[in-house]
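# Observations on the three-dimensional arrangement
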Amino acid sequence: MLENISSTKVAGGWHKQYTHAASSTHCTMRFAVFLPPGASETNKVPVLYWLSGLTCTDENFMQKAGAFKKAAELGIAIVAPDTSPRGDNVPDEDNYDFGQGAGFYVNATQAPYNTHFNMYDYVVDELPALIEQHFPVNSTKAISGHSMGGHGALMIALKNPASFVSASAFSPIVNPINCPWGVKAFTGYLGKDKDLWAQYDSCELMKKAQQADFTPMLVTQGDADGFLEEQLKPQNLAAVAKSKNYPLNIEMQAGYDHSYFFISSFIDQHLSFHSQFLTA
């Protein structure tokens, strides 16, 4: 049962927030949706799913990215889920990079997280089914994200090539099994089985990708990003893509950091990239 908690007209369309009882995460989840002008049951539009980063909710992208005018022009809906399950009964840690706000888009196998932290199932299966049931959208989907959400977007696209026509990311964690954020999260959610870790790592997934399943990808990265060398490591994914001849374009942008100032500077480019596949 969807509950509409906000509704605001913007760029000729509508930004709306909803809550619902999610079966995959066993708690109440919140998401936001932007519907472009003209979206209707007789004119269903494609969807870009946006996954946010550590500490974020559904609100960060929608309020800071400045995406609505371009999405309205292109006729693309945007759906932004929360970054994790939340609530008094959901386990949490007193830090920013694990627990609530830091779901890492995996299905946890370790107690006490395995009851609620099933963000992979939520983003891949439950949320799209809900969106397609209740909103004037078609089944054509693309996926994008930032940082932890960039990890989620690329990883989910690599694991589900038939479901998403394109993928993009800003400042993504491309090789989580080899960076501090990823090692901490994967140890806590998935335990010590590194074979399981590899199933959520974009570099490892791309190594195994078959040409018939290649998904067009765009990554934009600021060279002044304080997390670039220790956490993000885009060169690792670039090396795999080169070896596989994978359709990945990584663009380094001089002087930009990890913030939404960076995202807002290049979001129109990402929307245009996705549009060529969403509306083909």
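What you are looking at is a predicted structure, and each value in this text was computed from that prediction instead of being measured.

We now examine the pattern of salt bridges. Taken as a whole, this structure holds eight salt bridges when the rule is applied. Salt-bridge contacts for glutamate 59 lead to arginine 30; the nearest nitrogen and oxygen are separated by 3.8 Å. With glutamate 59 in helix α1 (residues 59-64) and arginine 30 in strand β3 (residues 27-35), this residue pair connects regions lying 29 residues apart in the sequence. Given the relative accessible area of 28%, glutamate 59 is considered partly exposed. Here arginine 86 ties to aspartate 82 by a salt bridge, and the two come within 2.6 Å at their closest N and O atoms. Using a relative accessible area of 27% as the deciding quantity, one classes arginine 86 as partly exposed. Three or more residues joined by partner-sharing salt bridges are found here, namely Arg30, Asp58 and Glu59.

Bringing the packing of aromatic side chains into the picture now. Inspection of every chain in the model, using the stated rule, returns 22 aromatic pairs. Considering the side-chain rings of phenylalanine 98 and tyrosine 189, the 4.4 Å spacing of their centres and the 20° angle between planes classify their relative orientation as stacked. Of the two residues, phenylalanine 98 is situated in the loop between β5 (77-81) and α3 (119-134) and tyrosine 189 in helix α5 (residues 180-190); the sequence distance between them amounts to 91 residues. Pairwise contacts between aromatic rings join Trp50, Phe61, Phe170, Tyr256, Phe262 and Phe266 into one cluster. For lysine 16, the ring lying beneath its charged end belongs to tryptophan 14, and the centroid distance is 5.8 Å.

Turning next to α3. At glutamate 126, α3 shows its largest kink, close to 35°, and the proline proline 128 lies no more than four residues downstream. Met119, Tyr120, Tyr122, Val123, Val124, Glu126, Leu127, Pro128, Leu130 and Ile131 are the residues of α3 that are buried. Buried residues in α3 make contact with β2 (13-22), β3, β4 (45-51), β5, β6 (137-146) and α4 (148-159).

Now for the side chain of serine 168. Locating serine 168 in the fold gives a position in strand β7 (residues 167-170). Overall, the relative accessible area of 0% leaves serine 168 in the buried class. A polar side-chain atom of serine 168 sits 2.9 Å from a polar atom in the side chain of histidine 270. Apart from the residues lying within four places of it in its own chain, the contact partners of serine 168 are Ile143, Ser144, Gly145, Ala153, Leu154, Leu218, His270, Phe273 and His274.

Strand order in the open sheet formed by nine strands is β1-β2-β3-β5-β4-β6-β7-β8-β9, and the pairing between neighbours is mixed. Each edge of the sheet is formed by a strand with only one pairing partner; in this case those strands are β1 (3-10) and β9 (248-253). The mean inter-strand angle of the sheet, taken between neighbouring strand axes irrespective of direction, is 20°. Of the strand pairs in this sheet, β4 and β6 are connected by six bridges, and their pairing is parallel. Directly across from leucine 48, in β6, lies its bridge partner alanine 142. Along the sheet face, α4 touches β4, β6, β7 and β8 (217-222) and points at about 135° away from the line of β6.

The share of residues in the protein with pLDDT of 70 or more is 100%, and the mean pLDDT across the chain is 98. Confidence, read as mean pLDDT per element, is least for helix α6 (residues 194-198) in the protein (97) and greatest for β7 (99).

Structural remark: α-helix, 3.6 residues per turn; residues separated by three or four positions point the same way. For α4, spanning twelve residues, the distance from its first C-alpha to its last is 16 Å, which sits close to the expected 16 Å at 1.5 Å a residue. Burial analysis of α4 places eleven of its twelve residues in the buried class, the great majority of the element. Among all positions in α4, only Met148, Gly149, Gly150, His151, Gly152, Ala153, Leu154, Met155, Ile156, Ala157 and Leu158 are buried.

Let us look at unusual backbone geometry. Trans peptide bonds make up most of the peptide bonds, and negative phi angles are found at most residues other than glycine. The omega torsion across alanine 111 and proline 112 is 0°, close enough to zero to call that bond cis. By secondary structure assignment, the location of proline 112 is in the loop between β5 and α3. Despite not being glycine, threonine 55 shows a phi value in the positive range, around 75°. Take threonine 55: it is sitting in the loop between β4 and α1. Phi is positive for lysine 233, which is not a glycine, with a value near 55°. Mapped onto the fold, lysine 233 is located in the loop between α8 (228-232) and α9 (234-244). The class for lysine 233 is buried, based on a relative accessible area of 17%.

Quick notes on the rules
- Residues numbered from 1 in each chain as written.
- Predicted model: local features only at pLDDT ≥ 70, side-chain atom pairs only at ≥ 80, totals over all residues.
- Heavy atoms only, no water.
- Salt bridge = Lys/Arg side-chain N within 4 Å of Asp/Glu carboxyl O.
- Helix = DSSP H or I, 4+ residues; strand = E, 2+ residues; numbered from the N terminus.
- Buried < 20%, exposed > 50% of the residue type's maximum accessible area, 1.4 Å probe, protein only.
- Phe/Tyr/Trp six-rings, centres within 6.5 Å; stacked < 30°, edge-to-face > 60°.
- Lys NZ or Arg CZ within 6 Å of the ring centre and 35° of its normal.
- Bend = angle between axes of the 7 residues up to and from the residue.
- Contact = heavy atoms within 4.5 Å.
- Polar contact = N/O pair within 3.5 Å; in protein donor to acceptor, adjacent residues only side chain to side chain.
- Pairing = 2+ DSSP bridges.
- Axes fitted to C-alpha atoms, helices over the stretch in contact; angles between N-to-C directions.
- pLDDT = per-residue confidence, 0-100.
- Expected span 1.5 Å × (residues − 1).

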